[in-house]
Every structure is written in C-alpha cells, then in structure tokens.
Amino acid sequence: MAPGAWKRTERALPLVLLAAMLAGGAVLSRSQLNLINFIAIFTIAVLGMGLLLGYAGQISLGQAGFMAVGAYTTTIATTKFGLPPVAGVLLAMVACAVLAVALGRVVLRLKGYFLALATLALGEIIFVVLREWVDLTGGPSGMYNIPSLSIGGLQFDSYRSFYYLVVILTALLMLFQRNLLRSRTGRALQAIQDGEVAAESVSIDVMGYKVLAFVLSAVLAGLSGALYAHYVQFISPEGFGMVVSIELLIMIMIGSPRSIYGPALGVIVFFLSKDYLEHFLPKVFPQAGSQMVMVFFSIILILIVIFAPHGIIPAVGDLLGQRRKKAV
Amino acid sequence: MNQGQQFLQYTLSGLTTGVIYAIVALGYVTVFNVTGVINFMQGELAMLGALLTVSLMAWGVNGVVAALAAVIVTACVGAAVETVTIRPAGKAGAHGLILITLAWSLIIRGLAPLFWGTRSYKLALFPDLGEALNIGGAVLPRETGWILAITVAVMALLMIFFYRSFPGLAWRASASNALAARLMGIKPRTMSTLVFALSGALGAVAGIVVTPLTLASFDMGFALGLKGFVAAALGGLTRVHGALLGGVLLGVFEALGGGLVATGYKNAIAYVVLILVLLVKPEGLTGRKIRDKV
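Here we summarise the structure given alongside this text. Everything quoted here is computed from the prediction, not taken from an experiment. (Residues numbered from 1 in each chain as written. Chains lettered and ligands numbered in written order. Predicted model: local features only at pLDDT ≥ 70, side-chain atom pairs only at ≥ 80, totals over all residues. Heavy atoms only, no water.)

Focus on the packing of helix 3 (residues 63–79) of chain A against helix 10 (residues 206–232) of chain A
All names here are of chain A. Rules: Lines fitted to C-alpha atoms define the axes, with helix axes restricted to the stretch in contact, and inter-axis angles between N-to-C directions lie between 0 and 180 degrees. The numbering of helices and of strands both runs from the N terminus, where a helix is a DSSP run of H or I of at least 4 residues and a strand a run of E of at least 2. Angles below 35 degrees are treated as roughly parallel, those above 145 as roughly antiparallel, those between 65 and 115 as roughly perpendicular, and all remaining angles as oblique. Take the far helix as the reference: if the near one is turned anticlockwise from it by less than a right angle, the crossing is left-handed, and if turned clockwise, right-handed. In what follows, residue pairs with any heavy atoms lying within 4.5 Å of each other are defined as contacts. Note on residue categories: nonpolar means Ala, Val, Leu, Ile, Met, Phe, Trp, Tyr, Cys or Pro, charged means Asp, Glu, Lys or Arg, and polar means any other residue, Gly included.
Here helix 3 crosses helix 10 at 50°, and the two axes come no closer than 7 Å. With respect to helix 10, the axis of helix 3 lies oblique. Viewed along their axes, helix 3 and helix 10 form a crossing whose handedness is right-handed. Between helix 3 and helix 10, the residues in contact are Gln-63, Phe-66, Met-67, Gly-70, Ala-71, Thr-74, Thr-75 and Thr-78 and Phe-214, Ser-217, Ala-218, Ala-221, Gly-222, Ser-224, Gly-225, Ala-226, Ala-229 and His-230, respectively. Tallied by class, residues from the contact of helix 3 with helix 10 come to eight nonpolar, ten polar and no charged.

This is the structure in structure tokens:
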C-alpha cells in the first residue's frame, strides 16, 4: 500500500461502517435488529468503562449501579411524573452525574483493591435500595409499562426505528470519546497513567481528571440504563446486579480498555458468543442453568488477564506485527 | 420481651455471626499480609467447604472426618488457583488480580449447581444438645457454644502456627518485610501458595461453621465473602486479633441494625460500614497506617 493510503483508509473506515450499518437497517431481520440494539445500548456503558479503566486507570465494580440509577430515574420520571421520555433520559444522565460528582472525590482517593471493593459496595447499596424502597421502585417485581422513546414527533417504538437511533447515538459517542482523548484531557489522562506523581509535578489536576473520567463513565452508564429501560419497557433490580458490572468488565477486557473500537468490539463478541452459548451449553450441561455461560466467560477473562492484559485487539495486533517483522 | 432483652438477644446472635465473619476475615488477612492481594473468591471457598462437608456426610462419613477432608480439599483449591492463575499473572497488577479472583468466584459459584443443584442443605454437624439456652431472657441456640469453641480453637491453632512453627515464622517474616525475608531464603512463591492454601482452609472452616445456623447453598458465598472482608477491613486487614474484633463488631452492628431499624436494609449495613471504614479510617481499628510509596 502506498504511504498515506492506510491513513486515508483508517479515516474513511468508520464512515463506511456506519453507512453500511444504516443501510443494513433496511434488510436485517427483527431478531438481528434486536441483538444489535442491545449491543449498542451496552456499548455506551462499556465506552465509559474504557474511559475509566483504560485511560484513567481506575477500576469500578459498581458500574451496573449507575445503569440502574439511569434506568430507574427515567422510568420514575416518565411513569410517575408524566415527563416526556427525552426529558427522562436527560434527567437520568444528570442524576448519574450528580451522584458521581458527590461520590467521586471521596471514593477515588482509594486505589486498586480498595477502590474495587468500595465501588462494589456502592453498587450493592443501590441494589438493596431499589429492592427495598417498594413505594418508589416497585421493589423486587420491578416497574412495567415504561413508554417507548420519542423525540418531538419521532417515535422510536419499533426494533428498526430504535436501531437507527441507537446506532447513530453510539457512533456519535464514539466520536466524542475519540476527540476527548485527543484533546488536553486525553493527554492529561495519559500522563496520569504514566505516573501520578510525575503528572502532579507538571501541575495536572490528577484528582480532577480522575473525577472527570468517573463522572463521564457514570453518565454513559446512566444513558445506557435509561435507553435500556425505554427499549425493554420493563426493569427490575435483578437486571442491574453485581454480575452485570462484571459482565461490563469482561466486555471491555475482551475488546481492549485502551482503544476507541475496543468497547464496541468487546460487546459484539460478548453478545454473539453469549447468544450462541445459551443455545449450546445447556445441551452439554443439561442440569446447569444460565450461570454456565458466566463460567465460560470467567475462564476467558482469566486467560485474557494472563495472556493479553491489554485486551484482544492489541494482542492480535502484536501477533500480526511479529509476523510482519518476520516476513521482512 | 422487653427492650433490654431484645437488645441482649440481638447482641448475642450478632456475636455468633460475628465470629464466623472473623474466620472469613482471617482468610483475607493471611493472604493480604504476605502477597498484598485481596482474594475476591474467599466467600466461594466457604461455600465449597460447607457443601463438600454436606456431601461427605451424606455418603456416611463421620462428621469430623468429613469436615477435615473438606478443609483440606478447599485448601488444595486455594493453592491450585494460586499456582495456575495468580502466579502466571504476576505482572498484571492489582486490576488483573481483582479480575482473576472475581472470575474464579464466578466459576466456583457457576459450577457448584452441577454437583449440588440450587437447593439448600442442612448440616447436622453438631450433636443434638437439646433446648436452647436462656440467658437473661435472650434465647441462644446451643450450636452457638460449638461455633464459639471452634472459633477459639481455630484462632489458637493459627496463633500456634504463626508463633511456634517454622512456616508461621516465615509468614510473619514475609509480612513484616518481604525483601528481608527473601534475603533470608524464604521463597515468596512458596509463601504465596501457602497463604492461598491457608485462606482456602479458613474459608472452608467458616462455611462449615455457619451452615448449622443458616443452611448451605451454592449462592451463600458472595455475601459471606464480602462481609468477611468488611470485618477484615474494620479490623485493619493486617492483624489476626483485628479480624476477630472487626468480625464481632460487624456481626453485632448488623444484628442490632437489622433488628431495631429495618430488616430489609440489613444487608446494606455491612456495605455502608465498608465504605465508611475505607474512607475515614483505611488502616482499620487496629492496623498500622499504610503509607503510599512513590
């Protein structure tokens, strides 16, 4: 390939992909559209996970808690207070942002294991509150009859219309994340990863940027949860338990925590293999339930951490790079 | 029951669960002191120990033998996890080890129903002692005596191990100064395997002891493990007596909070305590201050 050609391809690729996906909306079947809709919804949360884990270097085991806050905020706003869904979704993002700002400065003083445990505890507290505050949340049985999303006169009440909405939204968010990481903020986060003390010594507000990443990841998780609520039109606390937080971590690790396409790729691989395994595994282990799927993904996660700690994309890249070097 | 009796009742039952939390907490303390790792599968090891004992006893094995065998098998699981996955991931850092031990907890919890299904099991480990004790109007099941006795025995054994045996000496040496211990010929790898085995054994003991009170099932591990960690953090994460103090405090606190305030929110109490401890007093009640090293 001529020099520069690859760069041009790289620049055109996302647009071509997006165009292909939008064109595909017309021909895909309902079950395919449904699967992609879930993939897109979770990609939004996993994008935030990548920002937090990959770029800010902070772990969270409570991300599903923010999804829950987003989902329940918009649900309560639309079903109990009659707000339009768009306002509910925006309110959900604001609620997550406020919660994350309040918690971030305190919780992010912790590192590594302790941050993991504190966020795990936060997620569990949210879970317990959702289950116990029956008057507001409907308790363990959840909330029904959530209106589908509509913006102005546009209704997103079918698989296909929601598909267009969520695919474009996810693409825009990926573009936003790419630009954010190429800005001053991205360079500051990189400096923090390389060494917090060094970053501080060139007067980078380490805590400020960590909190920023935490808040953005919470807002993205909240948006994802809110979209989930309007798409599925039913939510319950069980949908936002600790296992979901771990699933988000598995998705980001499958893709790559430090890449723009990593989150989307991780979610795609996760959902496609989950879809397959849910049909395949019960045939092999008839007495085991759905948790066999998680066993499988846990084994994958262990293998990734040991053999490809930066995710599968860079590992494949390294392999290809080695091969290319050998060829030369 | 009047208020005083209620208070006494909750305190006593909290004390019982508290010492069980303390045993789980000891599992975290042994591993953390030497390797600096927090083992997220600790609770699942307790579940494994409990259900193995149930199965062995169902096959007609004597209770004490069954419990001992379960403890040994669980210790081997701990050691195997360390050798196969923790050691090769040496360079993965805290995030990597969090993910690995979390993944193991999901694997153990996911595989358990293959062998034990999803039902709850009773464990008639302690001989029937007749009626419950009545202390000042508060009712205390007789099993409590056994649980306290076993806890004291485990603590005593641990103390003898730590202060009177060579591996225990090596453990204390590695915990107080890993580099110096290494220079004295103590292999950090061997120590790491050893402490994971020990934490498996402690987890199993906790699971076996808790079962007569709460029944055993495949999903008992998560809450027990997290509460054990809260107890460990409350006690300072590095001291054996801190774990006991933390466990008892958490147990009593939880019983009082659940009994007097709101039952449904009982599970959240431990999580709130955890966040408060980590933020306000991260060195715990007995531990030394942990300073960041640059």
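That was the structure; now back to the text.
Digging into the interface of chain B and chain A
Let me state the cut-off plainly: The term buried area means the drop in 1.4 Å probe accessible area that two parts suffer when joined, counted for both and summed. Definition used for salt bridges: Asp or Glu carboxyl oxygen within 4 Å of a side-chain nitrogen of Lys or Arg. Under this definition, polar contacts are N or O atom pairs within 3.5 Å; protein pairs additionally need one hydrogen-donor-capable and one acceptor-capable atom, and for neighbouring residues in sequence, both atoms have to be side-chain atoms.
In this assembly, 43 residues from chain B lie in contact with 43 residues from chain A. A combined buried area of about 3,700 Å² lies between chain B and chain A, and 84% of that area is made up of carbon and sulfur atoms. At the junction of chain B with chain A, the criterion picks out zero salt bridges. Counting the contacts that link chain B with chain A gives one residue pair in polar contact (both at pLDDT 80 or more). Looking at the side of chain B that touches chain A, the elements with two or more residues in it are helix 3 (63–86), helix 4 (93–116), helix 9 (221–235) and helix 11 (266–280) of chain B. Considering every element that reaches the side of chain B that touches chain A, the biggest residue donor is helix 4 of chain B, with 17 residues.

Observations regarding the pattern of salt bridges
For the record, the criterion: Relative accessibility decides the category of a residue: with a 1.4 Å probe and only protein chains considered, values under 20% of the type maximum give buried, values over 50% give exposed, and everything between is partly exposed.
As enumerated under the stated definition, the model contains six salt bridges over all chains in all. One salt bridge connects Glu196(A) with Lys210(A), and the closest N-O pair in it is separated by 3.0 Å. With a gap of 14 residues between them, Glu196(A) in helix 9 (residues 196–201) and Lys210(A) in helix 10 connect regions that are remote in the sequence. A relative accessible area of 5% places Lys210(A) in the buried class. For Glu82(B), the salt bridge is made with Arg87(B), and the minimal N-O distance between the two is 3.5 Å. Its relative accessible area of 2% is what places Glu82(B) among the buried residues.

Observations regarding helix 11 of chain B
We apply this condition: Multiplying 1.5 Å by the helix residue count minus one yields the expected span of that helix.
Its 15 residues place the ends of helix 11 of chain B 22 Å apart at the C-alpha level, agreeing with the 21 Å of an ideal helix rising 1.5 Å per residue. When we look at burial in helix 11 of chain B, the residues that qualify are Ala268(B), Ile269(B), Ala270(B), Tyr271(B), Val273(B), Leu274(B), Ile275(B), Val277(B), Leu278(B) and Leu279(B). Buried residues along helix 11 of chain B sit against helix 4 (85–107) and helix 5 (112–132) of chain A together with helix 9 and helix 10 (240–260) of chain B.

Examining empty space enclosed by the protein
Quick reminder of the rule: Using a grid of 1 Å spacing that covers the protein atoms alone, one calls a set of points a cavity when a 1.4 Å probe fits there but cannot get out, and a pocket when the set is open and has protein on both sides within 12 Å along at least five of seven lines; lining residues are those with an atom within 4 Å of a point. Grid points are joined across faces, edges and corners, and a volume is the space filled by probe spheres set on the points.
Evaluated as defined, the whole model comprises three cavities of 30 Å³ or more. By volume, the largest cavity is sized at about 150 Å³. Leu120(A), Tyr28(B), Phe40(B), Phe222(B) and Leu226(B) are, among the 16 residues lining the largest cavity, the residues nearest its centre. Broken down by secondary-structure element, the contributors of at least two residues to the lining of the largest cavity are helix 5 of chain A together with helix 2 (42–58), helix 4 and helix 9 of chain B. For the lining of the largest cavity, the element with the most residues is helix 9 of chain B, which contributes five residues. For the lining of the largest cavity, a count of residues per class yields ten nonpolar, four polar and two charged. In terms of lining, the second largest cavity is formed by Ser60(A), Gly62(A), Gly65(A), Phe66(A), Leu103(A), Thr119(A), Leu122(A), Gly123(A), Ile126(A) and Phe214(A). For the lining of the second largest cavity, the elements supplying multiple residues, two or more each, are helix 3 and helix 5 of chain A. With four residues, the top contributor of residues to the lining of the second largest cavity is helix 5 of chain A. Of the residues belonging to the lining of the second largest cavity, the class tally is five nonpolar, five polar and no charged.

Regarding the layout of surface pockets
Residues and elements named next belong to chain A. Here the second largest pocket defines a volume of roughly 1,700 Å³. Taken together, 42 residues line the second largest pocket, and the ones lying closest to its centre are Pro-14, Leu-17, Met-174, Ile-260 and Tyr-261. Of all the secondary-structure elements, those providing two or more residues to the lining of the second largest pocket are helix 1 (5–24), helix 2 (30–55), helix 7 (159–182), helix 12 (262–284) and helix 14 (312–327). Looking at the lining of the second largest pocket element by element, the count peaks at ten residues for helix 1.

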